[in-house]
Structure formats: structure tokens, C-alpha cells
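# Coordinate analysis (summary)
Below, each chain spelled out in residue letters.
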Amino acid sequence: MSIRGVGVRTPDVLIIGAGAAGLMAAMTAARRGKKVVVLDHAPEAGRKILISGGGRCNFTNKDIKPECFLSQNKHFARSALSRYKPADFLALLAAHKIAWHEKKLGQLFCDNSAQDIVRMLLAECEASGVHLLLDVRITDVSRAEHFRVQTSAGEFSSPALVLATGGLSIPKLGATSFSYDVARRFGLPIINPEPALVPLVFGREEESWVRELAGVSLPVKASCGKIAFEEALLFTHRGLSGPALLQISSYWRSGQPVRLDLLPGQDIGQHLAALKAAKGKMKGAAALHRWLPQRLAQELARQFTSDRPVVEWSDKTIRALAEHIHRMDMHPTGTEGFAKAEVTRGGVDTRALSSKTMEAERVPGLYVIGEAVDVTGWLGGYNFHWAWASGHAVGQAL
Ligand code: FDA
């Protein structure tokens, strides 16, 4: 799209960031007759969409509810979510003949490719006259009567400025602190941005065995405080990952333990007591492997029983092993950081924004949407849904 169109330098709305939220805001506002310009420093739009969901983009979830989002203000997302539902996004997909399927836990993916989603958003933007300018470096943002944005492509001026540059996750894809920096400059508070949906690392000597099991995976219940997720756990070369751990990482705070139940819904103590009563000669690792992956079974047997036959285990050993398997407190020493985090928790403090329009209460005309806001969704399509819903909310308000 050209920079020479009429009014491109002075649009009704200037959006910084051509990701999920920015493109949704652009097409929504432009459909309502607004002149919209979107600027992005990347050479292509929607890069995170393209790599998401293993290339198939988990674009929403059938079961979107406010409880599935973290924020200092847990009610903030409610309004935008109630006005843009999964069915609205599915209607958009239907209009563009994009096929999709449900994988598990209400997670909806493209049948074909995440590119379908980017193409759809760009087609909607183009059809409604949005000017999208890529490879543009923003050098300054100021405000006189209107917002003035200096860029490598010259100056733009607009009464409405939408910050949609996302969070800090995956810097190599072009993530920056732009929205936080501009928000701060205009006096908006920021909740400290931290990696979320991120693998946890275990640096303690006594938990170094975790790293020896890299590649092992099993269904678990992982909990942190009162919140728990039952999903797969994956042992990695640095610690723990997999959906259950990624979910819990968003709630984890430095110094807190993460509790694992390696056999949720079962009673390993009963299983082992029955094996012992049957007086079989089965050794510990082989016995535990009935219920747990082999390498994990070997490790637990080594720690607790030196792999002696079950018949020789004391009741106390069985109780201690069962306690360990069902209530294993692990002590992460950190996360794998923004380089590996799927999202950023924290961001522009929602207390400074209108939950209806995403406009800064004290800076009329300044809006913040998507991951840049202190709203973080669960794994499973929730983060894109927040991008669509907040982008739609601002597009309706402009
Ligand atoms: P987003 O990051 O999409 O867009 C921000 C845009 O701003 C980018 O185009 C960027 O180039 C631009 N920008 C940044 N700094 C700039 C600057 N200084 N100047 C100009 N432009 C700038 N979620 C989900 O619901 N389902 C999924 O399947 C996945 N999968 C997934 C996989 C991986 C590997 C990652 C890293 C993340 C996911 N996510 C996800 C999360 C999801 O990608 C994320 O929440 C949304 O993309 C956020 O949308 P935004 O539009 O807010 O930011």
C-alpha cells in the first residue's frame, strides 16, 4: 500500500503495530469509514500469527471467559470479551472460506495454515482502505493538538494513536518495549512485564535429576497456590515445559514452589500396596513403569528404593513415594525468559484505560490494545482472542 494516498500523513487513526490486535483494530475502524494508517517496523505483517500454533494458529477458544485471563484487574477484559465472541471470529473465517478444526480443550486451529489468518486480515484491511506501511522505524512520538509521530518514512499526525506493538516475547521476531515506553511518556503506569507461558528452569543441585529426563512427557496436574492445570508435562534439558507447566508459569512468582501430581486421579499408594500384598518379585522401576514413563519410573525408584523388589518395601517407603508422586514440590530457579516465552504478562496498567474503549482515561485519543495491555490469556487461543476483542473494541470506539 502506498504512502502517497490522500490523507495518509494525517489519518483519523494511526495504529502502531501490524499484529493481531493492530490489524483487527484497523479493519474495524476502516469499515466504519475512518481513514486508518498502520505502521510497523517489521518487513511483514502478523509475524507472530504466522509462527503460532505450530504454523496453524490457535486463533481462539470455544470457551473464552474472563477467568481465563490474568490481570491486576481481573474484570478489565470482561467488557471487550463480551462484545467480541469466538463466534464473531468464526463468522469472519466463514466469509473468507477458511477451514478450521477443534483440537482439544476448545482450542480452534486453521486446517491449512496460519497464513490464512494473516491473508484474511490483510484482505479485510485492503478492502476497507487501510494504509499499511511496513519497514517503518518510529523515531519519536509527541503530542500538540494531535499526536505527531516521526518515522523513517516522514511525519504522521493524527487525533487518535493506537499502541498495538505487543509484548516483549521473542525479541528476534521484532518485539520491543515501544508501547510501554510511549505509554510511560504519557504518564500511564506499567505493570512490570515478565515472561509468561514460558518453560521453567531448575538450577538447584537436588533437582538436577529433572534435566536428566529431557524428552520424557506425561499427563500431570501442576499447581501453584490455588490454581491448577491438568495437561501434559515435558522434561527439558533446562527444566520443565509442556502445556501444564506453561500454564502454571503465568501464575508462578520467583521463590514459589510448583506442585506436581504425576498421577492425577489415581492412588499410587494403593497400587503399590496391592503389588506388595501380591508378593511379586517385581523391582521398583518395573513396578512404577506400570503407571509412569520408564525413565521417570527408574529415577523415582533410584531415589526411593534403590530399585529393590516391591515386596521388600516398607509401608513407610510406599507412603513416602506416594506422597512424592502425588505432591511433588519443585522449586524453579527462573524461567527461560522472553526468548522462549509465548507471551508477556504485565504491561500497560488497565487502571489507566477504559475497559470499553481501551482509551487512556487521562490522555484522550491514546489507546492501547493486545498484549501490550496487562491482560494475559491462558494457553489455547486466549491470547489471540484478547487481541481480536481489544482490537475490535477500539475499532468500534474510534
Ligand atoms: P503482536 O506481537 O502480534 O504484534 C505486534 C506488532 O508490533 C508486530 O507486528 C511488531 O513487528 C510490531 N512492533 C513491535 N515493536 C514495534 C516498534 N517499535 N515499531 C513498530 N512496530 C513494532 N496465542 C494464541 O492465542 N494462540 C496461539 O497459537 C499462539 N501461539 C504463539 C506461538 C508463539 C511462538 C508465540 C511467540 C506467541 C503465540 N501466541 C499465541 C501469542 C500471540 O502471538 C500474541 O498474544 C499475539 O500475537 C498478540 O497480538 P498483538 O497484536 O498484541 O502483538
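Since the model is a prediction, treat every value here as computed from it, not as a measurement.

### A few points about the UniProt feature "domain: RsdA/BaiN/AoA(So)-like Rossmann fold-like" (unreviewed entry) in the protein
UniProt records the feature "domain: RsdA/BaiN/AoA(So)-like Rossmann fold-like" (unreviewed entry) for residues 12-396 in the present numbering. Regarding residues 12-396, the helix share stands at 31% and the strand share at 24%, and the terminal C-alpha atoms are separated by 13 Å.

### What to know about the pattern of salt bridges
In total, this model carries 19 salt bridges according to the counting rule given. Between Asp329 and Arg259 there is a salt bridge, and its shortest N-O distance comes to 2.9 Å. Remark: Arg259 occurs in strand β17 (residues 258-261) and Asp329 occurs in strand β18 (residues 328-330); sequence separation between them is 70 residues. Residue Asp329 is classed as partly exposed on the basis of its relative accessible area of 30%. Among the residues examined, Arg259 registers a relative accessible area of 34% and is labelled partly exposed. A salt bridge links Glu336 to Lys340, with the shortest nitrogen-to-oxygen separation between them at 3.8 Å. Residue classification places Glu336 among the buried residues on the basis of a relative accessible area of 15%. By relative accessible area, which is 52% here, Lys340 ends up exposed.

### Considering the pairing of strand β10 (residues 154-158)
Strand residues, when the strand is regular, have side chains that alternate between the two faces of the sheet. Here strand β9 (residues 147-151) runs beside β10; their pairing, made up of five bridges, is antiparallel. Across the sheet, the residue bridging to Gln150 is Glu155, located in β10. A loop of two residues connects β9 with β10, the two strands running antiparallel in sequence.

### Some thoughts on helix α1 (residues 20-31)
Here α1 spans 17 Å end to end across twelve residues, near enough to the 16 Å set by a 1.5 Å rise per residue. Judged by how many residues are buried, α1 sits mostly within the fold: eleven of twelve residues are covered. Along α1, the residues that are buried comprise Ala20, Ala21, Gly22, Leu23, Met24, Ala25, Ala26, Met27, Thr28, Ala29 and Ala30. Buried-residue contacts for α1 involve β1 (13-16), β2 (36-39), α2 (47-51), α4 (86-95), α5 (115-127) and α13 (382-397). Where α1 terminates, the next one or two residues include Gly33, which has phi positive at roughly 95°.

### With respect to the layout of surface pockets
By volume, the second largest pocket is sized at about 210 Å³. Taken together, Leu70, Ser71, Gln72, Ile191, Asn192, Glu194, Tyr251, Arg253, Arg345, Gly346, Asp374 and Thr376 make up the full set of residues lining the second largest pocket. Those elements giving two or more residues to the lining of the second largest pocket turn out to be β12 (190-196) and β20 (343-348). For the lining of the second largest pocket, the element with the most residues is β12, which contributes three residues. Classifying every residue of the lining of the second largest pocket by side-chain character gives three nonpolar, five polar and four charged.

### A closer look at the nonpolar core
Counting 87 residues, the largest nonpolar core has Phe59, Phe89, Ile117, Leu188, Trp386 and Trp388 as its most contacted members. In terms of residue count, α1 provides more of this core than any other element does, nine residues in total. Once residues lying within four places of it in the same chain are set aside, the contact partners of Ile117 are Ile49, Cys57, Phe59, Phe89, Leu93, Cys110 and Trp388. Counting residues in each nonpolar core, the second largest holds 41 residues, with Val216, Cys224, Leu233 and Ala301 among its members.

### Some points on the confidence of the model for the protein
Mean pLDDT for the protein: 96, with 98% of residues reaching 70 or above. For this predicted complex, the interface confidence score (ipTM) comes to 0.99, while the overall pTM stands at 0.96.

Cut-offs used in this document
- Residues numbered from 1 in each chain as written.
- Predicted model: local features only at pLDDT ≥ 70, side-chain atom pairs only at ≥ 80, totals over all residues.
- Heavy atoms only, no water.
- UniProt positions renumbered as here; feature names shortened; annotations may be inferred.
- Helix = DSSP H or I, 4+ residues; strand = E, 2+ residues; numbered from the N terminus.
- Salt bridge = Lys/Arg side-chain N within 4 Å of Asp/Glu carboxyl O.
- Buried < 20%, exposed > 50% of the residue type's maximum accessible area, 1.4 Å probe, protein only.
- Pairing = 2+ DSSP bridges.
- Expected span 1.5 Å × (residues − 1).
- Contact = heavy atoms within 4.5 Å.
- 1 Å grid on protein atoms, 1.4 Å probe; cavity = no way out; pocket = protein on both sides within 12 Å on 5 of 7 lines; lining within 4 Å.
- Points joined across faces, edges and corners; volume = space filled by probe spheres on them.
- Nonpolar A, V, L, I, M, F, W, Y, C, P; charged D, E, K, R; others polar.
- Core = buried A, V, L, I, M, F, W, Y, C linked by side-chain atoms within 4.5 Å.
- pLDDT = per-residue confidence, 0-100.

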